[in-house]
Amino acid sequence: MLIEMKGIVKDFGPVRAVDHIDFTVNSGEIIGLLGENGAGKTTLMNVLAGTFPPDEGEIFIDGNKVQISNALHAMRMGIRFIHQEISLCNDLRVFENIFLSEELLRKNGLLNKKEMINRCLKVFERMQVQIDPNAIVSTLQPAERQLVEIARALLFKCDLIIMDEPSTALATKEIKRLFDIMRQLKTEGVSFIYISHKMPELFEICDIYYIMRDGKLVAHGKFAEIDEQQATELMIGRHLADEEFLNKPYYGQEEVILSVKNLSGKSFFDISFDLHKGEILAITGLQGSGRDLLADALFGAEEYTGTLQVKNHTLKQRSTIIDHMKNGIGMVPRSRKERGIHNDLSIYDNISMAFFNTKFKRLLIDSRREKERFLRQQKALSIKTDQPKNPITSLSGGNQQKVILGRWLEADADILLFDNPTQGIDVGTKFEIYRLIIELAKNGKAIIVFSSEFPEIHKVADSCIVLYKGRINARLNRDEITEMSIMYYSTGANLEAVKNG
Amino acid sequence: MVSVFQKYSFKDLIKKLFAEYSYWLSFILLLILAVSVNTNFLRWSNIINIFVQTATTGIIALGMSMVISAGQIDISVGAQVAIISGLGIVVLNFTNSIWLMFAFCLLLGTLIGSLNGLMVAKGNMPAMIATLAMQSICRSLINQWGQGGPFTVSNTNFDTFRLVAAGSIRIFGFKIPYPMIMFIVFSILFGIIMRQTKLGKHIYAVGSNTNSARLAGVNVKGIQIIVFMITGLLCGFSGWLYASRVMAVAAASAGNAYEMEVIAAVAIGGTSMTGGRGKIIGTFLGALMFKIINNILTMADVPTFLNGAISGAIIIVAVLLQNVQNKSK
């Protein structure tokens, strides 16, 4: 089977996620799709797998033009997409998940459980994994869930399997097994598109590379003809605009404003560090490294043990979000739509929400003061709107993010936690946010940026903590922050090496 | 400095009018319809009659606005009115004090409301289920207490207690009944709470997005409890008023289908059924509109048995219209 994508364009609001991409998959080919976070890889694959239609462009299968209207449609045409976020129904059994929407029936119209379970067992045997098809998915380990996803793709006849960073949840041994299966299927004519950040894996399993940057295709060819260094350079590119941030001064002062000692929670352990006034600290780590929960814990939204000291004042155990806020901690949360904004509320109310909780002492809200608060933040953050009474959804993502930031500035937070702050924001506004972060540090705010995007860390951070499996694996100074070093420590390569040696 | 607040263009204004003030529009249309069916409709005696009829459900609808704006629902309000008014009369006959009865009604309502709130916020129960159970409990208890007979106000208290619902004051020669004053005062009070206090903003915030509200420091569970509590309190007040209006509370039928009327009033008033958006003035007009529709139907000789069908249809139409409006935005 031959799949061709021609001139694919996909916009999300003002952001062009995929910009005129041509992409060809031949039969029995393993393609590595490379690019930084936000380069548009997943979006392109979503178009191919029918998650959403392209805004422009055409898709051909064996020379025939096709319209892939939904995921089921794509499956019928032999295209399977294994998503990065595991998309299983947790309350159903393994075999029920695997056969979801493609259930096998007996003649009388009832489910043929026996046959479904048998087929599952066969696939698991081929994959050399031991998972009980009858187990409820919520009882499985993350790696096992990932394997169930893969089994789902293998069970049905398909011509193309797309895998979006499948190896993040898998251990080395499981990855090796996965590669064996991929090689075998390849000889049977099945093609793969393999999305990953891990160079050694890509070079081991893939034949062809496609490299994307900022929604555009920057290069493609054979892996045999390049080396890791070249691939990395193509992926990162050299942005002119980066120079602005190259000589960022260090605004950190003597005073330690936040001191974290032996903080442990559900998925992070024994975290200790000091944060100075005016310092920008980045905390990074792969999915499942405990980064998300650590961010929530520092803001009091997640339970923890250990001590948090703000300006020599130790926070009580089991402190609530309000306690953290009153001590001057503010958080711009990740997943803005789900956790940041109130989409029914006006821009005014969105900006005042934290202020109401910490500073507001009157009985009635005065709309004049609400306007003053807005105007002050609009000026400071250059929020682009002329109708602040409108719902916040009338703003672009970047401006929404500024409103959330303004919320904490109005609440007088001294310590600002930015959790994945530029998610879904266009490149231009991203830079504006970076400038704002640096400006805030200059004015004496202490800042922690939780991020998985290397360019972001590289631009703003004075130092960077790299988490691996919930623990601090390295603390890097500004001149030690490179894409290589972050990848090295966040994949735990240093620890694995010790084990093997 | 250049003003950043642009004036709305005419087209925007019309659009805004339709999107945000549709309840005014339907209110005016309904008035026109009512006047054409019944030429006496705008007579003062008819107007105050509508207000008096609306007051009991209208007051509860204000609390229901809060509950729904916070993303919850309370279907126990009718049964609450039954148990509160029934037991209220028992207290009245026992103490001979309408104010002790008043205090008892408010207290019992707040208690029932708090239980609803605790089940939802602390027990993580869906509001529909929690309040359905509460509805069943309240109705059953008052039926058991009454053993089929009504709760009747004793002769000693008859003349004084009657005045709560039937009394009035005169301003410039216009007779204004107490229930009308109560309804209007409560509406203004709740309008201010929802628009201009921290509590109001927090209710909308929780209804709009629970996660975001929590991460902005809003005490989400506290808000969820308090909206049910306030609704219970209003049921208490309304139960007191209801007892005075009927003077004999029949346990099985008192406050019957109030939850439908109340939710219908909120829906017609433009409050989003999924929470986060709504105005008290809308609910105020919505409650009146509901009674006006009834008024028109009575004039047109539609049998009262069909009231339930009609209030059901009103809710469906109102919410469908909301969805259409939301899409067109």
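Within every chain, residues take consecutive numbers counted from 1 along the sequence as written. Labels are handed out in written order, letters beginning with A for the chains and numbers beginning with 1 for the ligands. Totals for whole chains, interfaces and linings use all residues, but because this is a predicted model, local features are given only for residues with pLDDT of at least 70 and pairs of side-chain atoms are given and counted only at 80 or more. In computing side-chain properties, one takes all heavy atoms of the structure into account and sets aside hydrogens as well as water.

Draft legend 1. Structural context of the overall build of chain B. In this description a helix means any DSSP run of H or I spanning at least four residues, a strand means any run of E spanning at least two, and both kinds are numbered starting from the N terminus. Counting its regular elements, chain B contains 14 helices and four strands. Restricting the calculation to C-alpha atoms gives the radius of gyration, and the globule rule supplies 2.2 Å times the number of residues raised to the power 0.38. Compactness check: chain B gives a C-alpha radius of gyration of 20 Å against a globular reference of 20 Å for 329 residues, within 12% of the reference. If you line up chain B on its principal axes, its C-alpha atoms span 70 × 55 × 40 Å. Think of it in three bands: residues with accessible area under 20% of the maximum for their type are buried, residues over 50% are exposed, and the middle band is partly exposed, with areas taken using a 1.4 Å probe on protein chains only. Burial status across chain B gives 53% buried among its 329 residues. Residues count as neighbours in contact if any of their non-hydrogen atoms are within 4.5 Å of one another. Taking all contacts inside chain B whose residues are at least 6 apart in sequence as the whole, residues at least 24 apart take part in 76%. Carbon and sulfur atoms form 68% of the exposed surface of chain B, whose accessible area is close to 15,200 Å². Charge assignment: positive for Lys and Arg, negative for Asp and Glu; neither His nor the chain ends contribute. Here the site of a charge means atom NZ of a Lys, CZ of an Arg, CG of an Asp or CD of a Glu. One way to put it: in chain B the 21 positive side-chain charges average out to a point 11 Å from where the 7 negative ones average out. Using a 1.4 Å probe, accessible areas were evaluated by the Shrake-Rupley method; residue-level cover was limited to the displayed protein chains.

Draft legend 2. A look at the sheet that holds strand S12 (residues 271–276) of chain A. Residues and elements named next belong to chain A. Any two strands are treated as partners once DSSP identifies two or more bridges connecting them. Taken in spatial order, the four strands make up an open sheet running S12-S11-S14-S15, and their pairing is antiparallel. Looking at the sheet topology across the chains shown, the edges are occupied by S12 and strand S15 (313–314). Helix H10 (residues 291–298) contacts strand S11 (256–264), S12 and strand S14 (305–310) of the sheet and is inclined by roughly 125° relative to S11. Note on definitions: angles span 0 to 180 degrees between N-to-C directions of axes, and those axes are lines fitted to C-alpha atoms, for helices only across the stretch in contact.

Draft legend 3. Highlighting the sheet that holds strand S3 (residues 30–34) of chain A. All names here are of chain A. Reading across from one edge, S6-S7-S8-S3-S9-S10 is the order of the six strands in this open sheet, with mixed pairing throughout. The strands lining the two open edges of the sheet, one partner per strand, are strand S6 (79–82) and strand S10 (216–222). This sheet shows a mean twist of 15° between the axes of neighbouring strands, independent of strand direction. As defined by bridge partners, S6 adjoins strand S7 (residues 160–164) across four bridges and the pair is classed as parallel. Bridging from a neighbouring strand, Arg80 pairs with Ile161 of S7. Packed onto the sheet, helix H6 (residues 172–187) meets S3, S7 and strand S8 (191–195) and runs at close to 145° relative to S8.

Draft legend 4. Layout of the confidence of the model for chain B. Residue and element names in this part refer to chain B. Across the chain, each position has a pLDDT score giving the predictor's confidence in that residue, from 0 to 100. For chain B, per-residue confidence averages 90 on the pLDDT scale, and 95% of positions sit at 70 or higher. Per-element mean pLDDT across chain B ranges from 71 in helix H1 (residues 10–20) up to 97 in helix H5 (residues 98–121). In this model residues 1–6 is a low-confidence stretch, pLDDT under 50, and it forms ten contacts with partners more than four residues away in sequence or in other chains.

Draft legend 5. Structural context of the environment of Thr152(B). Residues and elements named next belong to chain B. Examined against the element boundaries, Thr152 turns out to sit in strand S1 (residues 151–152). The class of Thr152 is partly exposed, set by a relative accessible area of 44%. Here the alpha-carbon distance between Thr152 and Lys15, two residues 137 residues apart in the chain, equals 53 Å. Setting aside residues no more than four positions away along its own chain, Thr152 makes contact with Ile89, Asn93, Met247 and Ala248.

Draft legend 6. Representation of the UniProt feature "transmembrane region" (unreviewed entry) in chain B. Residue and element names in this part refer to chain B. UniProt positions are given in the numbering used here, feature names are shortened, and annotations may be inferred rather than shown by experiment. With numbering aligned to this structure, UniProt lists the feature "transmembrane region" (unreviewed entry) at residues 21–41, 47–68, 75–92, 98–118, 176–194, 222–243 and 305–324. In the segment residues 47–68, helix accounts for 100% and strand for 0%; the C-alpha atoms at its two ends are 28 Å apart. From the first C-alpha to the last, residues 222–243 spans 31 Å; its make-up is 100% helix and 0% strand.

Draft legend 7. Region of the structure containing the interface of chain A and chain B. Between chain A and chain B, the residue contacts involve 36 residues of the former and 25 residues of the latter. Throughout this description, the term salt bridge denotes a Lys or Arg side-chain nitrogen within 4 Å of a carboxyl oxygen of Asp or Glu. Taken together, the links from chain A to chain B amount to two salt bridges. Any pair of N or O atoms that falls within 3.5 Å is considered a polar contact. Within protein, one atom must be able to donate a hydrogen and the other to accept it, and sequence-neighbouring residues count only if both atoms are side-chain atoms. Viewed at the interface, chain B and chain A are joined by 16 residue pairs in polar contact (both at pLDDT 80 or more). Looking at which element gives the most residues to the side of chain A that touches chain B, the answer is helix H13 (residues 347–358) of chain A, with six residues. Polarity classes work like this: nonpolar for Ala, Val, Leu, Ile, Met, Phe, Trp, Tyr, Cys and Pro, charged for Asp, Glu, Lys and Arg, and polar for all others, with Gly in that last group. Of the residues in the side of chain A that touches chain B, the class split is 20 nonpolar, seven polar and nine charged.

Draft legend 8. Molecular detail of the nonpolar core. Counting 106 residues, the largest nonpolar core has Phe161(B) and Trp240(B) as the members making the most contacts within it. For Phe161(B), the residues in contact, after removing those within four places along its chain, are Leu92(B), Ile98(B), Met101(B), Val153(B), Trp240(B), Ala243(B), Ser244(B) and Met247(B). In this text, buried Ala, Val, Leu, Ile, Met, Phe, Trp, Tyr and Cys residues form a nonpolar core when linked through side-chain atoms within 4.5 Å. One finds Ile271(A), Ala301(A), Tyr304(A) and Ala411(A) within the second-largest nonpolar core, a separate group that totals 65 residues.

Draft legend 9. Region of the structure containing the pattern of salt bridges. Residue and element names in this part refer to chain A. Within this structure, the stated rule accounts for 32 salt bridges over all chains. Measuring nitrogen to oxygen at the nearest pair gives 3.1 Å for the salt bridge that ties Asp296 to Arg334. Placement of the pair is Asp296 in helix H10 and Arg334 in the loop between strand S16 (329–332) and helix H12 (336–340), with a sequence separation of 38 residues. With respect to class, Asp296 is no different from Arg334; both count as buried. Among the ionic pairs, Asp366 bridges to Arg369, the shortest N-O distance being 3.7 Å. Asp366 sits in the partly exposed class, given a relative accessible area of 26%. For Arg369, a relative accessible area of 32% corresponds to the partly exposed category.

Draft legend 10. Highlighting the environment of Tyr23(B). Residue and element names in this part refer to chain B. In this fold, Tyr23 is placed in helix H2 (residues 22–37). Separated by 58 residues in the primary sequence, Tyr23 and Val81 have C-alpha atoms spaced 27 Å apart. In this structure Tyr23 touches Ile268, Gly269, Lys279, Ile281, Gly282, Leu285 and Met289, once residues within four positions along its chain are discounted.

Draft legend 11. How the structure looks around the packing of aromatic side chains. Centres within 6.5 Å make a pair out of two Phe, Tyr or Trp rings, where for Trp the six-membered ring is used; the pair is then stacked when the planes are under 30 degrees apart, edge-to-face when over 60, and tilted otherwise. For the structure on display, the rule yields 27 aromatic pairs over all chains. On the numbers, 5.9 Å between centres and 65° between planes, the contact of Phe431(A) with Tyr434(A) is edge-to-face. Taken together, the residues Phe431(A) and Tyr434(A), both in helix H16 (residues 427–442) and three residues apart, mark about one turn of the helix. For the residue pair Phe431(A) and Tyr434(A), the accessibility class agrees, reading buried in each case. One aromatic cluster in this structure is built from Trp99(B), Phe102(B), Phe186(B), Phe190(B), Phe237(B) and Trp240(B). A cation over an aromatic ring shows up here: Lys6(A) above the ring of Phe60(A), its NZ or CZ 4.9 Å from the ring centre. Only when the NZ atom of a Lys or the CZ atom of an Arg is both within 6 Å of the ring centre and within 35 degrees of the ring normal do we say a charge sits over the ring.

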